[in-house]
Amino acid sequence: KENCRPDGRELGEFRATTVNIGSITTADGSALVKLGNTTVICGVKAELAAPPADSPNKGYIVPNVELPSLCSTRFRSGPPGEEAQAASQFIADVIENSQIIEKEDLCIANGKLAWVLYCDIICLDYDGNILDASTFALLAALKNVQLPTVTVNEETGLSEVNFKQKNPLIIRKHPVATSFAIFDDSLLIVDPTVEEEDLATGTVTVVTDEEGRLCSIHKPGGSPLTGAKLQDCITRAVTRHKEVKKLIDKVIKSIQPE
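Residues numbered from 1 in each chain as written. Predicted model: local features only at pLDDT ≥ 70, side-chain atom pairs only at ≥ 80, totals over all residues. Heavy atoms only, no water.

(A) Main features of the pairing of strand E9 (residues 176–183). In terms of burial, E9 is a largely internal element, eight of the eight residues being buried. Of the two faces of E9, the one carrying Val176, Thr178, Phe180 and Ile182 and the one carrying Ala177, Ser179, Ala181 and Phe183 are both buried. As paired strands, E9 and strand E11 (residues 202–208) are joined by seven bridges and run antiparallel to one another. Within E11, the residue paired with alanine 181 across the bridge is threonine 203. Sheet topology note: the E9/strand E10 (residues 187–190) ladder contains four bridges and is antiparallel. Within the sheet, the bridge partner assigned to isoleucine 182 lies in E10 and is leucine 188. (Buried < 20%, exposed > 50% of the residue type's maximum accessible area, 1.4 Å probe, protein only. Helix = DSSP H or I, 4+ residues; strand = E, 2+ residues; numbered from the N terminus. Pairing = 2+ DSSP bridges.)

Pasting the structure below:
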């Protein structure tokens, strides 16, 4: 009623968001994102492989979200649990639907050679809203990727890699996720903590791109949402997109060599 939450935020207010880009030197691109206490790191590793037989002009993007036992007492060591699998699938859908990267751009030589981007997203501290943090970390890490120039030698058929000449990925779209917790159909709060997620009767995640277009809406069951409420969510998501994009641009600009 008072438009106030346990941590002092208003219902429509995000936690403090920070991003650190390029912090893992062993990866081809990386980013660390914090949403309040929720901390997620994404590392991208690029490898060379033969393109898929059915689409010889495409490369691969393989996302994987890990929720290790170190990030929360609710997770066990071992194979990925349900939530980690659902998060990985969500990220795969976002990559596919938003066309953040055209898979054709990852092809080096038609039918012979293509890039595989392994995007590992690991949660270091779990305090709710893992999907927003993961999407943000993925986008920031992909924008940080530098791939060496690769050519296929016509005579030998072998690939030649030039590490001196590196090129950034072509990022076609910038998808940003905005998650809401639903309380009894009537109340929506943005960027829920773990406590709020556990108490909520449902959650919904809206993913938009820089043109304000919808990339996906992820609503795993829970209480229903009226059209008007969903419209509110989309409007808030579009605003959030601008905030996130501004933050990424600022950080990238600050790390670029003069």
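So that's the structure; there's more coming.
(B) Spatial organisation of the pattern of salt bridges. Inspection of every chain in the model, using the stated rule, returns 15 salt bridges. Two residues, arginine 9 and aspartate 7, come together in a salt bridge whose shortest N-O distance is 2.9 Å. Note that aspartate 249 and lysine 245 form a salt bridge whose closest N and O atoms lie 3.0 Å from each other. Here the residue aspartate 249 and the residue lysine 245 both occupy positions in helix H4 (residues 227–255), the gap between them amounting to four residues, near one helical turn. Within the structure, one salt-bridge network assembled from shared partners comprises Arg5, Asp7, Arg9, Arg15, Asp127, Asp191 and Glu196. (Salt bridge = Lys/Arg side-chain N within 4 Å of Asp/Glu carboxyl O.)

(C) A look at the packing of helix H2 (residues 130–144) against H4. Where H2 meets H4, the axes come as close as 11 Å, and the angle between the chain directions of the two elements is 35°. Helix-helix and strand crossings are classified by hand; for H2 and H4 the assignment is right-handed. Contacts from Phe136, Leu139, Ala140, Lys143 and Asn144 of H2 reach H4 at Val244, Leu247, Ile248, Asp249, Ile252 and Ile255. (Axes fitted to C-alpha atoms, helices over the stretch in contact; angles between N-to-C directions. Left-handed = near helix turned anticlockwise from the far one by under 90°. Contact = heavy atoms within 4.5 Å.)

(D) Expanded view of the nonpolar core. The biggest cluster of nonpolar side chains holds 66 residues, and the ones touching the most others in it are Ile101, Leu117, Leu142 and Leu169. Here leucine 117 is in contact with Val44, Lys45, Ala46, Tyr60, Ile61, Val62, Ile101, Leu106, Leu142 and Leu169, once residues within four sequence places are set aside. (Core = buried A, V, L, I, M, F, W, Y, C linked by side-chain atoms within 4.5 Å.)

(E) Looking closely at a nonpolar patch on the surface. On the surface, Leu48, Val161 and Phe163 cluster together into a nonpolar patch covering about 270 Å² of accessible area. Take valine 161: it is sitting in strand E8 (residues 159–168). (Patch = residues over 30% accessible without salt bridge, like charges linked within 9 Å, V, L, I, M, F, W, Y side chains within 5 Å. Areas by Shrake-Rupley, 256 points an atom, 1.4 Å probe, with all protein chains shown as cover.)

(F) Highlighting the sheet that holds E10. Taken together, the four strands give an open sheet; going across it, the order is E10-E9-E11-E12, and neighbouring strands pair in antiparallel fashion. With one partner strand each, in any of the chains shown, E10 and strand E12 (214–218) form the two edges of the open sheet. Taking each pair of neighbouring strands and ignoring which way they run, the sheet shows an average axis angle of 25°.

(G) Region of interest: the pairing of strand E3 (residues 38–49). The pairing of strand E2 (residues 29–35) with E3 spans seven bridges and is classified as antiparallel. Pairing of valine 33 across the sheet is with valine 40, part of E3. Taking the residues between adjacent antiparallel strands as the criterion, E2 and E3 are bridged by two residues, where glycine 36 takes a positive phi near 60°. Pairing analysis gives 11 bridges linking E3 to strand E6 (residues 113–125), with the strands arranged antiparallel. Each bridged residue has a counterpart across the sheet, and for glycine 43 the counterpart in E6 is aspartate 120.

(H) Here's a closer look at unusual backbone geometry. Located in the positive-phi region is asparagine 129, a residue other than glycine, with phi close to 55°. Among the secondary structure elements, asparagine 129 is positioned in the loop between E6 and H2. The backbone of aspartate 191 shows a phi angle near 50°, a positive value even though the residue is not glycine. Judged by its relative accessible area of 0%, aspartate 191 is buried.

(I) The side chain of aspartate 132, seen in detail. Looking at where aspartate 132 falls in the secondary structure, it is placed in helix H2. Buried within the structure, aspartate 132 lacks any salt-bridge partner; arginine 240 is the closest side chain of opposite charge, at an N-O distance of 5.5 Å. Side chain to side chain, aspartate 132 and asparagine 129 meet in a polar contact 3.0 Å long. In terms of polar contacts, aspartate 132 uses its side chain to reach the side chain of serine 179, at 2.7 Å. Setting aside chain neighbours within four positions, we find aspartate 132 in contact with Phe14, Leu35, Ala177, Thr178, Ser179 and Thr205. (Lys, Arg positive; Asp, Glu negative; His and termini not counted. Polar contact = N/O pair within 3.5 Å; in protein donor to acceptor, adjacent residues only side chain to side chain.)

(J) A look at the environment of serine 186. Structurally, serine 186 is set in the loop between E9 and E10. Between the alpha carbons of serine 186 and isoleucine 248 there is a distance of 33 Å; along the sequence they are 62 residues apart.

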